[in-house]
Amino acid sequence: MDQPTVLIISDNAEFSRSITARWQMERHVPSFTLLSEDLWPRSVENFAVAIVGPLRRELLSVILEPLHSTQQPLFCVCDDSSTGQLVRERWPRTSVLPCDENWLNVLVLSAGEAVLRARAEARARAAEEKCVVLERQATLGRYMLDMRHGLNNALTSLLGNSDLLLIEPGSLSAQARAQIETIRNMTLRINEVMQRFSSLEKEMNVVAQQVERDSGKYRTAAVAGD
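Residues numbered from 1 in each chain as written. Predicted model: local features only at pLDDT ≥ 70, side-chain atom pairs only at ≥ 80, totals over all residues. Heavy atoms only, no water.

(A) Region of interest: the packing of aromatic side chains. A full pass over the atoms with the stated rule returns two aromatic pairs. Relative to Trp103, the ring of Phe15 has its centre 5.2 Å away and its plane inclined at 5 degrees; by these criteria the two rings are stacked. Of this pair, Phe15 sits in helix 1 (residues 13–23) while Trp103 sits in helix 4 (residues 103–146), and the two are 88 residues apart along the sequence. Each of the two residues, Phe15 as well as Trp103, counts as buried. With a centroid separation of 5.6 Å and 65 degrees between ring planes, the pair formed by Trp23 and Phe32 is classed as edge-to-face. (Phe/Tyr/Trp six-rings, centres within 6.5 Å; stacked < 30°, edge-to-face > 60°. Helix = DSSP H or I, 4+ residues; strand = E, 2+ residues; numbered from the N terminus. Buried < 20%, exposed > 50% of the residue type's maximum accessible area, 1.4 Å probe, protein only.)

In structure tokens form, the structure reads like this:
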């Protein structure tokens, strides 16, 4: 899975540098995309969290509006309380942090939790998508297993009738005989495929039984441990 990206928007190079340096002290360090205020808005895809540094009031709407419309967590560090109150009122989804002596630790810890949550949600979505694919494949497999008996009967009939036709010498033209032999050979190939499905079903049943036995052992051991 791709490493999550934290988007940092600020004209203050020290602001961005202090965040990236402080984040290096954490166990999980994301990748960073650093932008100055004059480079926004621009197309930045697949970021997990956005952090905006102290802004001039005339730039608040330009930068915060497009970020607020996304689903990604958004943090904004404000120099004064009036700007912070304005941001809370107009963009309520934004987490506002005052630029006090603890802002850096609070920001990195809070944004770090948001990054981990975004990563977990991405994994959950990937797992759900994989489950959908597996469910479709399982449905197809179950359908083919259910149809196996009918297909086997049809294959047996094709093989039997083709063998009967082929054992009568001189009753067929060379072209007709070649066509029947082709049908018989293709039928045999289909029959081999069906036999593989039967073997696969047996293997799956054995695995399922083993898993059930192992689960029973674990449950027994857990009860004994209690």
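(B) Structural detail: the pairing of strand 4 (residues 74–78). In terms of burial, strand 4 is a largely internal element, five of the five residues being buried. Once the chain exits strand 3 (residues 49–52) it traverses helix 2 (residues 60–68) before rejoining the sheet at strand 4, and the crossover so formed is right-handed. Direction of pairing for strand 4 relative to strand 5 (residues 95–98): parallel, over a ladder of four bridges. Of the residues in strand 5, the one forming a bridge with Val77 is Leu97. With respect to chirality, the unit in which strand 4 leads through helix 3 (residues 81–90) into the neighbouring parallel strand 5 is right-handed. (Right-handed = clockwise from strand over helix to strand, strands pointing away. Pairing = 2+ DSSP bridges.)

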